[in-house]
2 protein chains.
Amino acid sequence: MPIDRIDRQILSLLQADGRMTNVDLAERVGLTAPPCLRRVRALEEAGAIRGYHADLDAARLGYPITVFAMVSLRSQAEHDLSAFENHVAAIPEVRECHMLNGEIDFILKIVASDLKSFQEILTTHLTPAPNVASVKTSLTIRTAKSISGIPVPPE
Amino acid sequence: MPIDRIDRQILSLLQADGRMTNVDLAERVGLTAPPCLRRVRALEEAGAIRGYHADLDAARLGYPITVFAMVSLRSQAEHDLSAFENHVAAIPEVRECHMLNGEIDFILKIVASDLKSFQEILTTHLTPAPNVASVKTSLTIRTAKSISGIPVPPE
DNA sequence: GATGAAAATAAAACGTT
DNA sequence: AACGTTTTATTTTCATC
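Residues numbered from 1 in each chain as written. Chains lettered and ligands numbered in written order. Predicted model: local features only at pLDDT ≥ 70, side-chain atom pairs only at ≥ 80, totals over all residues. Heavy atoms only, no water.

### Side note on helix α3 (residues 33-45) of chain A
Residue and element names in this part refer to chain A. To be explicit about the condition: Helix numbering and strand numbering both begin at the N terminus, where a helix is a DSSP run of H or I of at least 4 residues and a strand a DSSP run of E of at least 2. A helix is expected to span 1.5 Å for every residue after the first. Relative accessibility decides the category of a residue: with a 1.4 Å probe and only protein chains considered, values under 20% of the type maximum give buried, values over 50% give exposed, and everything between is partly exposed. This arc describes the spread of directions from the helix axis toward the C-beta atoms. Here, residues are in contact when the closest pair of their heavy atoms is within 4.5 Å.
When the terminal C-alpha atoms of α3 are compared, their 18 Å separation across 13 residues agrees well with the 18 Å that a helix rising 1.5 Å per residue should span. When we look at burial in α3, the residues that qualify are Cys36, Val40 and Leu43. When α3 is viewed along its axis, its buried side chains cluster within an angular range of 65 degrees and face the same direction. Of the residues in α3, the exposed ones pointing more than 90 degrees away from the buried face are Arg38 and Glu45. Looking at the buried residues of α3, the elements they touch are α1 (5-16), α2 (22-29) and β1 (49-56). Directly after α3, the chain includes Gly47, whose backbone phi takes a positive value near 90 degrees.

Structure (structure tokens):
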């Protein structure tokens, strides 16, 4: 699936503003609306665009706490790795779970409404999970940068 | 700014599908379109909704590498912390920068088109930055979960 | 919060290069 | 194979109640 310059412009614009109207988008990339919409649909079907999401202010909506948890397992057999992934997939406060190389097996991003509820998630759902060797957590003091997606290639 | 049950439903639906039409949204929350749109605009103005973004598949679009970098600084004076934040804000491959408590001062999420370009970012932009004491990096093997936003409260 | 109307947009059909 | 024009359906948005 070849992606040309116009496709990249479309992706970049929709990444910045996911609710931009198709006529706006078409104008910005120098097309009329129908071919522009066809390109957007094609990018969606090809999986280049996975979806569109409202970006919510977690702190204002009852989740002021963000914590990163570095998890090491006792066994790194594939079966045990995916068992852990399935385990955290069911915890709604765990928003991200990335498998890493090196000493740390997983890094998790966890949100919580307060420290008490974070501690509860940690001690009842995470630390006692099967195969967990160690969990080191760090509270987020502040987030200086958070841009979803990918860098915009210079045109 | 009070958020009621309908507002939470709206947030949850727009978080899941940021391009849902307002008539769809209104129907799902049991309103007609005009009051629903007024609520959405109010949530946007209040900052509960920060924006809307297309969710792109970085790997398919030229950024198959995601790395987490744990950075420690020599000085944690506010001036030095914000100097580092400003420094990484200008590096397009650095997508996230969170200040943490504990031994690690910052965790960064970095994307790259290949390992060579990642090494270049690391050795020319990150490690030699002013005040940096240590940078430990881990490659992401796979991402098991990545849900933007906040948990949906049960209704 | 609902209704109804006007403007804008999206989507389909069709023709062109 | 991809863009443009035209047409139709839907959606957004505003005035009014």
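From this point, things continue past the structure.
### Some details on the protein's contact with DNA strand D
Counted only if it meets this: Residues are counted as near a molecule or strand when any one of their heavy atoms sits within 4 Å of it. Here a polar contact is taken to be a pair of N or O atoms separated by no more than 3.5 Å, where protein atoms must pair a possible hydrogen donor with a possible acceptor and residues adjacent in sequence count only if both atoms sit in side chains.
Neighbouring DNA strand D are 13 residues, the closest being Thr32, Arg38 and Arg39 of chain A together with Asn22 and Arg41 of chain B. Atoms of DNA strand D within 4 Å of the protein belong to the sugar or the phosphate in 66% of instances, the rest to bases. Note that a phosphate oxygen of DNA strand D is positioned 3.1 Å from one of the backbone N or O atoms of Val23 of chain B. Among the secondary structure elements, those contributing two or more residues to the surface near DNA strand D are α3 of chain A together with α2 (22-29) and α3 (33-45) of chain B. In terms of residue count, the dominant contributor to the surface near DNA strand D is α3 of chain A (four residues).

### A word on the interface of chain B and chain A
Buried accessible area, meaning the area lost when the parts come together, often serves as the stated size of an interface. What counts, and what does not: Every case where a carboxyl oxygen of Asp or Glu lies within 4 Å of a side-chain nitrogen of Lys or Arg is listed as a salt bridge. Put simply, Ala, Val, Leu, Ile, Met, Phe, Trp, Tyr, Cys and Pro go in the nonpolar bin, Asp, Glu, Lys and Arg in the charged bin, and everything else, Gly too, in the polar bin.
Chain B puts 64 residues into the contact, and the matching count from chain A is 64 residues. Counting across the interface, chain B meets chain A through 10 salt bridges. Two residues, Arg50 of chain A and Asp57 of chain B, come together in a salt bridge whose shortest N-O distance is 3.8 Å. Within the residue set of the side of chain B that touches chain A, elements represented by two or more residues are α1 (5-16), β1 (49-56), β2 (65-73), α4 (78-89), β3 (94-100), β4 (106-112) and β5 (132-146) of chain B. With nine residues, the single largest contributor to the side of chain B that touches chain A is β5 of chain B. Counted by class, the side of chain B that touches chain A contains 35 nonpolar, 15 polar and 14 charged residues.

### A closer look at the nonpolar core
Cut-off, in case you're wondering: What makes a nonpolar core is a set of buried Ala, Val, Leu, Ile, Met, Phe, Trp, Tyr and Cys residues whose side-chain atoms join them at distances within 4.5 Å.
Of all hydrophobic cores here, the largest spans 23 residues; its most connected members are Leu56 and Leu61 of chain A together with Ile10, Leu14, Leu25, Leu43 and Ile49 of chain B. Ranked by the residues each element gives to this core, the list is headed by α1 of chain B, at five residues. Residue contacts for Ile49 of chain B: discarding those within four places in its chain leaves Ala54, Asp55 and Leu56 of chain A together with Leu11, Leu14, Val40, Leu43 and Glu44 of chain B.

### Examining the protein's contact with DNA strand C
The environment of DNA strand C is made up of 13 residues, and the closest members are Asn22 and Arg41 of chain A together with Thr32, Arg38 and Arg39 of chain B. Asn22 of chain A places a polar main-chain atom, nitrogen or oxygen, 2.9 Å from a phosphate oxygen of DNA strand C. In this structure, a phosphate oxygen belonging to DNA strand C sits 2.5 Å away from a side-chain N or O atom of Arg41 of chain A. Mapped by element, the contributors of at least two residues to the surface near DNA strand C are α2 and α3 of chain A together with α3 of chain B. If one sorts the elements of the surface near DNA strand C by residue count, α3 of chain B sits on top with four residues. Here the residues of the surface near DNA strand C sort into six nonpolar, three polar and four charged.

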